Amino acid sequence: MTTLTAFADWLAASPLPPLVTSHDWLVPAIQVVHILAIAAVLIASVHINLRVLNVLESDVALADVAGRFLPILWGALGVLALTGVLLIASEPNRAIFRTVFWVKLALATLATLATATQPRLALTGGQGATMAGGGQKVLAVLALILWALTVYAGRWIAYADSWPGAPG
Amino acid sequence: MSINTIAHALADTSLATALSDSSWLFGTVESIHVLALTLVIGSIALVDLRLIGVGPARGTADQVLRRLLPFTLGGFALAAATGSVLIFANPIGYSQNFWFGAKFSLLALAGINALAFHLFAQGKLLVDGALAPRVSGAISLLLWTAIIVSGRWIGYTI
């Protein structure tokens, strides 16, 4: 809590808060970029995990699908981290003092790990064809559920109360 | 019947009361709305980028369109259903909100663009360097981004 308070104080004293709050339209504009990046993360994860489940692009090797969509996942996560920091900077004493914010980060981390490890788990069969085992398919379903929960937790940051005794 | 009369009638329903009384109902429906719209914009963006000639989607534009259409339609149905519920939370406020009107006008334009694509551009997908599919894809990308912008702006102006 003290580390977090120190971080919030440091962020509040940095040039970021006055910058992102200098115009009324800037915070919602950053949120739009954040939402577009969520769309990119989800469509990339949907492609990778539904390929594992043989629902999408089932005529193409998983490695090929992952090769095209994992860079999009990483790039969009970078945009989310950047816009996320800017959104926190707009109100340094808000999001990071709510449990649901940390739940969201944990869910996003698990969902990313579950999605990004998919191409490594595929068994290589004859002629380079890839097959997904039962466990891998369960992981694919889990990854998609985790992404949905991440969005839910993310939206909930706006409604949850801060911890008792949090600055603000 | 005017918009104002409809708005007042919606505000007088038990759904409107439930949304304002509950601490979790609005946020939950809104989360599903966000999830649905990201699916819509993600799948549409892949098709639009493919029409323009870039992006990660594999296959011809027609194949990409057919492959992703269930995601676009399913996401849109879910977004429309949850969006309809959200209106009940503040029907009078929404009916008087500029960005709410802008969002629906842009949705109508996106629908017209999709229809124009179907009528005039879809048949030219296999023509090398055809301009119509590219223009249609670019317009769609701009319109859907503008829809997200106006949707987000409703929350700040309501």
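That block above? That's the structure.
The following paragraphs examine the structure supplied in this document. Quick caveat: nothing in here was measured; it's all calculated off a predicted structure. (Residues numbered from 1 in each chain as written. Chains lettered and ligands numbered in written order. Predicted model: local features only at pLDDT ≥ 70, side-chain atom pairs only at ≥ 80, totals over all residues. Heavy atoms only, no water.)

## Topic: the overall build of chain B
Looking only at helices and strands, one finds seven helices and zero strands in chain B. Secondary structure elements of chain B, listed N to C terminal, follow the sequence α-α-α-α-α-α-α. Each principal axis of the C-alpha atoms in chain B carries an extent, and together these give about 55 × 30 × 25 Å. Taking all 158 residues of chain B together, 41% fall into the buried category. In chain B, the share of contacts with a sequence separation of at least 24, taken over all contacts with a separation of at least 6, comes to 75%. Here chain B has roughly 8300 Å² of accessible surface; of this, 69% comes from carbon and sulfur atoms. For chain B, the separation between the mean place of its 8 positive charges and that of its 6 negative charges on side chains is 15 Å. (Helix = DSSP H or I, 4+ residues; strand = E, 2+ residues; numbered from the N terminus. Buried < 20%, exposed > 50% of the residue type's maximum accessible area, 1.4 Å probe, protein only. Contact = heavy atoms within 4.5 Å. Areas by Shrake-Rupley, 256 points an atom, 1.4 Å probe, with all protein chains shown as cover. Lys, Arg positive; Asp, Glu negative; His and termini not counted. Charge placed at Lys NZ, Arg CZ, Asp CG, Glu CD.)

## Some points on the packing of helix α3 (residues 25-52) of chain B against helix α7 (residues 131-157) of chain B
All names here are of chain B. The contact between α3 and α7 brings their axes to 8 Å, and the two run at 155 degrees. Taken together, α3 and α7 sit at an angle that is classed as roughly antiparallel. When the axes of α3 and α7 are compared, the crossing they make is left-handed. Between α3 and α7, the contacting residues are L37, V40, I41, I44, A45, D48, L49, L51 and I52 on the first element and P133, R134, G137, A138, S140, L141, W144, T145 and I148 on the second. Among the residues making up the contact of α3 with α7, the classes are represented as 13 nonpolar, three polar and two charged. (Axes fitted to C-alpha atoms, helices over the stretch in contact; angles between N-to-C directions. Parallel < 35°, antiparallel > 145°, perpendicular 65-115°, else oblique. Left-handed = near helix turned anticlockwise from the far one by under 90°. Nonpolar A, V, L, I, M, F, W, Y, C, P; charged D, E, K, R; others polar.)

## Comments concerning the packing of aromatic side chains
Under the defined criterion, the tally for this structure stands at ten aromatic pairs over all chains. One aromatic cluster is present, built from ring pairs that chain together Y152, W156 and Y159 of chain A. (Phe/Tyr/Trp six-rings, centres within 6.5 Å; stacked < 30°, edge-to-face > 60°.)

## Details of unusual backbone geometry
Residues and elements named next belong to chain A. Of note, N54 is a non-glycine position whose phi angle comes to about 65 degrees, a positive value. As for its placement among the helices and strands, N54 is situated in the loop between α3 (26-52) and α4 (62-90). Here N54 falls in the partly exposed class, since its relative accessible area comes to 42%.

## With respect to a nonpolar patch on the surface
All names here are of chain A. Taken together, the side chains of V141, I145 and L149 present a nonpolar region at the surface, about 240 Å² in accessible area. Structurally, the position occupied by L149 is in helix α7 (residues 134-156). Overall, L149 belongs to the partly exposed group, its relative accessible area being 41%. (Patch = residues over 30% accessible without salt bridge, like charges linked within 9 Å, V, L, I, M, F, W, Y side chains within 5 Å. Salt bridge = Lys/Arg side-chain N within 4 Å of Asp/Glu carboxyl O.)

## Digging into the nonpolar core
With 62 residues, the main nonpolar core has V41, L73, I96 and W147 of chain A as its most contacted residues. When residues of this core are traced back to their parent elements, those giving at least two are α1 (2-13), α3, α4, α5 (99-116) and α7 of chain A together with α3, α4 (61-87) and α6 (98-121) of chain B. In terms of residue count, α3 of chain A provides more of this core than any other element does, 13 residues in total. If sequence neighbours within four positions are ignored, I96 of chain A has contacts with L4, F7, A8, I88, F101, W102 and W163 of chain A. Membership of the second largest hydrophobic core comes to 14 residues, among which are A39 of chain A together with A110, I148 and W153 of chain B. (Core = buried A, V, L, I, M, F, W, Y, C linked by side-chain atoms within 4.5 Å.)

So yeah, pure geometry; function would need other evidence.
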